[in-house]
Amino acid sequence: MRRTVVNRVLLGAVGVVLFGVGVLVLAGGLDLYRRLGVQPPGWWPLTSPDQPVVSARSRGRWVASAWWWPTVIGGLAVLVAGTAWWLVAQLRRSGLSSIAVPTPGVSGLRLRVGARALEEALESGTAVLPEVERAGVRLVRAPGHPRLRGAVRLKPGGDPAALVEHFEDGPRADALGSLWLAELPAELRIRVLQAAPAAPRRGRGRRGRRQPRVE
């Protein structure tokens, strides 16, 4: 699952939970249950402005239990660890900033090309291929060699097989030759747009046609 999808699902779930809890707390703090005659959920403790969320009796009973502090500490530790993992995952870049270019015949020279420059060149070369409406290319990390990950949208009636052949012989071959790379694997996601249904032609029916006059 892609990172953006995970982020949206996670943030959406957290937002729904916080919104629901906030509505319940606000309704209890403003005494809306009594004013509007609404029955609060049976499991919700805060039903009036003077009522605490957790009563003193419940707090004393839970603190006296042997499972209370291990559960609280363990739950907070899991929450902190999960939050730290999510933060590190957001800061970590999945793509590459640059790519090493071999320099055959020249010793002691290290040459690197910016990944964004290569991505833009490949995007431009792919966008001008036949039947391509839009193209996006990204250079990502992979074991052994960098990998190209592209998303191409074809016009209605486009041929994905022909696009792959043009991409292999065109932009990808040019990148391999220009950068002296022995290998540059690529993954393409191809989407073919559906042709818009033709609008029905409004023609006159048989009754609407003017018949020739016969005498």
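Since the model is a prediction, treat every value here as computed from it, not as a measurement. (Residues numbered from 1 in each chain as written. Predicted model: local features only at pLDDT ≥ 70, side-chain atom pairs only at ≥ 80, totals over all residues. Heavy atoms only, no water.)

Participant: Which parts of the structure should I look at to understand the overall build of the protein chain?
Facilitator: Secondary structure summary: the protein chain contains six helices and five strands in total. What you see in the protein chain, going N to C, is helices and strands ordered as α-α-α-α-β-β-α-β-β-α-β. Burial statistics for the protein chain: of 215 residues in total, 21% are counted as buried. Counting every atom, the protein chain has about 16,500 Å² of accessible surface; 60% of that belongs to carbon and sulfur. (Helix = DSSP H or I, 4+ residues; strand = E, 2+ residues; numbered from the N terminus. Buried < 20%, exposed > 50% of the residue type's maximum accessible area, 1.4 Å probe, protein only. Areas by Shrake-Rupley, 256 points an atom, 1.4 Å probe, with all protein chains shown as cover.)

Participant: Would you take a moment to explain the sheet that holds strand β5 (residues 186–192) for this structure?
Facilitator: Hydrogen bonds between backbone groups are what pair the strands of a sheet, and the pairing can be parallel or antiparallel. Spatial strand order, β3-β4-β5: three strands in an open sheet with mixed pairing. The strands lining the two open edges of the sheet, one partner per strand, are β3 (132–140) and β5. On average, adjacent strands in this sheet sit at an angle of 15 degrees to one another, irrespective of strand direction. Inspection of the sheet shows β3 paired to strand β4 (residues 147–154) by eight bridges, in the antiparallel sense. Looking at β4, one finds that Gly136 is bridged to Ala151. Of the strands in this sheet, β3 and β4 are in contact with helix α5 (residues 115–127), which crosses β3 at around 155 degrees. Across the sheet, helix α6 (residues 160–179) touches β3, β4 and β5, and the angle it forms with β5 is around 140 degrees. (Pairing = 2+ DSSP bridges. Axes fitted to C-alpha atoms, helices over the stretch in contact; angles between N-to-C directions. Contact = heavy atoms within 4.5 Å.)

Participant: Explanation requested: the nonpolar core in the structure shown.
Facilitator: Burial of nonpolar side chains together is a common tendency in soluble globular proteins. Formed by 13 residues in total, the largest nonpolar core has its most connected members in Leu118, Leu122, Leu139, Leu148, Leu181 and Leu184. Of all the secondary structure elements, the ones that give two or more residues to this core are β1 (98–101), α5, β3 and α6. Apart from residues no more than four positions distant in its own chain, Leu118 is found in contact with Ile99, Leu139, Ala175 and Leu179. Counting seven residues, the second largest nonpolar core, distinct from the first, contains Leu129, Val152, Leu154 and Leu163. (Core = buried A, V, L, I, M, F, W, Y, C linked by side-chain atoms within 4.5 Å.)

Participant: How should the packing of aromatic side chains be read in this particular structure?
Facilitator: Here the distance between the centres and the angle between the planes together describe a pair of aromatic rings. Per the stated rule, a full pass over the model turns up two aromatic pairs. Relative to Trp68, the ring of Trp67 has its centre 6.0 Å away and its plane inclined at 70 degrees; by these criteria the two rings are edge-to-face. A residue is classified by how much of its surface remains accessible, and Trp67, at 47% relative accessible area, is partly exposed. Judged by centre distance (6.4 Å) and plane angle (70 degrees), the rings of Trp68 and Trp69 are edge-to-face. Owing to a relative accessible area of 22%, Trp68 belongs among the partly exposed residues under this scheme. (Phe/Tyr/Trp six-rings, centres within 6.5 Å; stacked < 30°, edge-to-face > 60°.)

Participant: What's the story with the pattern of salt bridges in this structure? I'm lost.
Facilitator: As a working rule, side chains carrying opposite charge can pair if their charged atoms are close by. Per the counting criterion, the structure on display carries eight salt bridges. Measuring nitrogen to oxygen at the nearest pair gives 2.7 Å for the salt bridge that ties Glu168 to Arg172. Here the residue Glu168 and the residue Arg172 both occupy positions in helix α6, the gap between them amounting to four residues, near one helical turn. (Salt bridge = Lys/Arg side-chain N within 4 Å of Asp/Glu carboxyl O.)

Participant: Explain α5 to me, please; I cannot follow it from the model alone.
Facilitator: Because an α-helix completes one turn every 3.6 residues, residues spaced three or four positions apart along the sequence face the same direction. In this model, α5 (13 residues) spans 18 Å end to end at C-alpha, consistent with the 18 Å of a helix rising 1.5 Å per residue. Looking at the packing, one finds that the buried side of α5 touches β1, β2 (111–114), β3, β4 and α6. (Expected span 1.5 Å × (residues − 1).)

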